[in-house]
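Residue strings, one per chain:
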Amino acid sequence: MISKLRFSLIAVIMLVLLGFGFQNQAQAQVGTDGLFCPAVPDTTGWLEVNVEAAPALPFPDFSGALIGSVDSLIGGPLHGGMDWQHVDFTSFFSPTPTNETGSQIVSWWTQKDGRNTSLQVTNAIGNQTPDAGTWVHVHIFDENCVEIRNFCDFYTEFDTHVYNFGDIISNLGVDEADANLQGKEGFVTVTAVDNCPTPGQAVEHDYLAGNTFVKSVASSDYMYGFATYHREGVCFDITTTTTVNLVLNGSFQNGLNFSPWLTNQGNASGVNSASISDGTVPIPAASGPDAANPNSNLFMGFAVSSVVDTSGIYGGGPFTELARPQLVTGLQVPGEFQTNVTVVTSNIFVTDESKTLFYDLSFLSPEVDIVPCENYAVVCVIDDTTGVANFEACRCYNSVGQGNAPSGGQCTLATNDGDTYSVVGGGGNFMFDGGRSGFFQNEQLSINNPGTYAVQFITGQMGDVACTDNTVVNNNTGAFVDNFRVLDTVEETLFCDGILDGSDNAFLDVIVPNVFAGQFDAQNGSAGADVVHINFYDEYLPSYTPQAAYINAVVGIWNDVEKFTSCGELPVCFVRLGIDEALILSDNFVGPTTAPTLGPTTAPPTLGPTSTPTNRPSGGSGSCAIAGNPVQLGTAFANVLIPLVPVAFVFGIRAMRRRKK
Amino acid sequence: MNKGNIINNTITRRKGSMLQDIMSKIKYLLVLAFLLVLPMLVLPTQSIAGGPGGNVLPLVDQTDTGVNRLIYYWDTRDRDTLFQLTNTSTSTIVVHVQIFNVGSTTVDQPFGSCEEVNWDDVYTKGDTHVYDIENLVSNCTADQLPDAECESAPNPDLSNSYGFVSISLISGDDFAMIGLFRILDGPGGYEYRTNAAGEDFFGDDTTDFILNFNNVDGNNLSDVVGIVYEETDFDTVFAAPFISIAFGGNSGDPFDGFNPQVHIFDEFEDGTSCSPTFFDCSIGNFNRGIDNSIPNSKQAALNNRICNDSTLSESNDAGWLFLPVNRFDFEDPEEDVFFVGFLGLNNGNGTGSMDSWLSSEDDDDIPPTFEPSEI
């Protein structure tokens, strides 16, 4: 007996715990019976819809929701009202979009279930612009978020016109085809455009003012009337400062073909680690815009002086006036020369202030000489400001640390590692028996004055007898170079000429809140309701067109005794549903049969669900809606916590206002 | 205007701009940053030409987001009014409810004394409550809340009158209050329903208003409601007949931008200038009609139309009213003056609707250079 009682007690406890555990979970799927919150009986409260991204579906640039209800509180025919649901935030650019004019009008329309929609559009030009007629492009979508009609119209200044969706006559007087609108519903956009139908690009014309009227004539006489949503055209000029490298392809990110570097004489090219026998890896770009290019870490420049391809003395590249038999001085007597010189020249660039050239270099030595040949690599900045070139700054590298660069300064000792390297590049396969120095990184050459400049990297061999006789082979000499950079900043201005092409400074205001809050009240215990959601994104080019987009609507409901119930979630493009069991879809509402009593009573609140009239609807609208899954407790917690976010951010305002007093 | 085109566009998807994406993600930070500089950037620009002193006239036209003060219109002249308040935050808020009665009169103020009744109310997290203007029950009473700040609502005689309600936040989370009101007209059988209006903390500096009207379903009556009040404390407002707002100038080009006149336009873009008009908390100046074609719903006999000399053609289907703010008067030059407008249209026989006035977006800071093609 005790054992049975214990078992029963455990069972009861388990049931109670389950009851608590599931009290916040969905009563049924959103959309069931045409309701956002099936099986919920609340007559007064507010519907909370949290906006999430719908997986794998396009996210909207506009997301708006209406809430309206139909009732007969005054005992006579039905009457109704509707307005946009409250949101946590609209937009920085148009914080009151349902109360101010804009460049695009957005509204619900319906010709369904005996309703007729009228949309008044006004080109409410004020006193700002003397002549502001405008084309508009009207796009009408059905409940499946498919565009079923669009037409062009024109509004002169101060113009106003009413579109009767039962018989659409444009403001231009054209009888637009509307047969396929009858018996349907959806959303409509009226967008100011530059011309219509082409180019049909959206424009900033923030003077459109809209009002929508939905009249029911099916069972009773009532009307919803509300101002439309107005999206502001955001259009401004942007000036941005960006860092550029005046040496183009400075990190050889363009690959093996290192254009615009130009090989003026000798052998040179871009190389990568696969080009080098030991897989030498290029030095990553340290800074500057080239560093953002992943190829900058894969490639570098290569120059070689070789007896294979004789190229003679330094010819100056494009600056022939610089040609000379001895580029590196102090190593030979007058009359001797240097040979097989390779010259590679960058683009010519202009700077309006002093700059510094940075680069990295690794010297590829000839074989350790019995008779040293002071073959070299040189990097120079050439000043061509006056049209007669001269060496602005140079640095040379060789195995002995002797000799002087053409602009002065002793050559840097490039100690080799004694290994042998093979490099495929520069038009051949070159062996370097003397090894390679480590990379000299962030080498610097100063550019002291504003002017016109170019960069050269050069390799050369001694051409004296000791290095070229038959007993000593003048071995290959080369260099790897990388990450040339002369950094500068430039200001770029992106202008907006009034055309809204979706770029960063020219677009229709994005209005996608995080939370919708729709208040409702059925004083008689029951009412009809219409909760409408509209979602679309903007396609700007080649001409403006709205396109279907989706939110994942996470739905919950608060009643008048602060009880929250999660109702589930569903992806939504367009949908029209009733609220709950007390405020069913208006299509199915027939009105109260008893005399109504207005206002709240002082009776104690009833906790938890109570039985209410159930006018089981036959289903809602919104073929876009995909049935959702029951919401979990985590979602319920999120519903509670998310509203904290905007509050936290704007918390200081009230204190600010108080201090003002 | 007899040309038209129907087009079909083939368009490729374009991804949202980086700015749009960023705006979406950091909008709250932007709000915060904007609010920090708000006193420097916005407030000085809101002074209305003609308005003496340092007062500003912020528009109360935020009906989309939560606010710290809500303004409702109410009317009991063969009408019932319900107004709803919701606390969308996760903590308790205390509010100050003030009801101003335009129709109240005294010997000294036969045209309306704008009497006030008020009390404090408490809303727990997620709380919502509907007040019946003629049977006031506080939320505290309805929910039997034990809070020490709970008060019972007063029981004034607000029958056969009209006015406005102000609900201000006393304590609790900011920007958590949303509201709506429903005015049910007995003889007309229609309902005015719209969101209550709050102060736009972005400081909308627009001073032009756009009021659309039409004869959809036979609309021929109007309620052009203008509410102007002073904020005497963060949780208290004050209204009186001598606190007013004036629209329209007397002279000059109607659209010269300096002294524009009130205009009424029909559907054929024919505009008629109208004399200056004003609103305050007094009989006749609180709820007006549009013109002789669309007089006031409840005071048709009063000569209180916005455009007294205008009578639109019976065949006219639509029009709009252009109302540029001219100046305002106030009691205390140290206090800010606020304005909110509601427009109701009805046919007197079954249908009607109401919403806030539309303000004209002001693009002076980013002027468009686009010129539309000639038709």
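So, a few notes on the structure that sits alongside this text. (Residues numbered from 1 in each chain as written. Chains lettered and ligands numbered in written order. Predicted model: local features only at pLDDT ≥ 70, side-chain atom pairs only at ≥ 80, totals over all residues. Heavy atoms only, no water.)

Brief notes about the overall build of chain A
A count of helical and extended segments in chain A gives five helices and 41 strands. Buried residues in chain A amount to 60% of all 661 residues. Look at the contacts in chain A between residues 6 or more apart in sequence, and 76% of them connect residues 24 or more apart. Total accessible area on chain A stands at roughly 22,900 Å², and carbon and sulfur atoms take up 56% of it. (Helix = DSSP H or I, 4+ residues; strand = E, 2+ residues; numbered from the N terminus. Buried < 20%, exposed > 50% of the residue type's maximum accessible area, 1.4 Å probe, protein only. Contact = heavy atoms within 4.5 Å. Areas by Shrake-Rupley, 256 points an atom, 1.4 Å probe, with all protein chains shown as cover.)

With respect to the overall build of chain B
Scanning chain B from terminus to terminus reveals two helices and 22 strands. In chain B, which comprises 375 residues, the share counted as buried stands at 62%. Carbon and sulfur atoms provide 50% of the accessible area of chain B, an area that totals close to 13,200 Å².

Some thoughts on the pattern of salt bridges
Residues and elements named next belong to chain B. Taken as a whole and judged by the stated rule, the model has 23 salt bridges over all chains. Residue R327 pairs with D329 through a salt bridge whose shortest N-O separation is 2.9 Å. A relative accessible area of 26% places D329 in the partly exposed class. (Salt bridge = Lys/Arg side-chain N within 4 Å of Asp/Glu carboxyl O.)

Details of the sheet that holds strand 20 (residues 299-305) of chain A
Residue and element names in this part refer to chain A. The strand order across the open sheet formed by five strands is 19-20-31-23-29, and the pairing between neighbours is antiparallel. The open sheet terminates on both sides in strands that have one partner only, identified here as strand 19 (267-272) and strand 29 (440-447). Looking at each pair of strands side by side, their axes are set apart by 35° on average, direction ignored. Where strand 23 (residues 355-364) meets strand 31 (residues 477-485), six bridges bridge the pair, whose relative direction is antiparallel. Bridged to L361 within strand 31 is V481. (Pairing = 2+ DSSP bridges. Axes fitted to C-alpha atoms, helices over the stretch in contact; angles between N-to-C directions.)

What to know about the nonpolar core
Grouped together as the largest cluster of nonpolar side chains are 46 residues, with contacts concentrated most on F83(B), I99(B) and I167(B). Residues contacting F83(B), with those up to four places away along its chain left out, are Y72(B), I99(B), H129(B), V130(B), Y131(B), I133(B), L136(B), V165(B), I167(B), L180(B) and F181(B). Residues F141(A), Y222(A), A548(A) and C573(A) belong to the second largest nonpolar core, which totals 38 residues. (Core = buried A, V, L, I, M, F, W, Y, C linked by side-chain atoms within 4.5 Å.)

Some words on the packing of aromatic side chains
The description of an aromatic ring pair uses the distance of the two centres, along with the angle that the planes make with each other. All names here are of chain A. The tally for this structure, following the rule as stated, stands at 57 aromatic pairs over all chains. With centroids separated by 5.2 Å and ring planes inclined at 75°, the aromatic side chains of W135 and F154 adopt a geometry described as edge-to-face. Here W135, found in strand 8 (residues 134-142), pairs with F154, found in strand 9 (residues 147-155); they are 19 residues apart in sequence, far enough to count as distant. You'll find W135 and F154 in the same group, each marked buried. Taking 6.4 Å as the distance between ring centres and 50° as the angle between the ring planes, the aromatic pair formed by F302 and F430 counts as tilted. A residue pair is termed long-range when its members are at least 10 positions apart, and F302 in strand 20 and F430 in strand 28 (residues 428-432) qualify at 128 residues. Owing to a relative accessible area of 0%, F302 belongs among the buried residues under this scheme. Take F430: its relative accessible area is 3%, and that puts it in the buried class. Connected via pairs of aromatic rings, a cluster forms that spans F62, W84, F141, F187, F226, Y229 and F536. (Phe/Tyr/Trp six-rings, centres within 6.5 Å; stacked < 30°, edge-to-face > 60°.)

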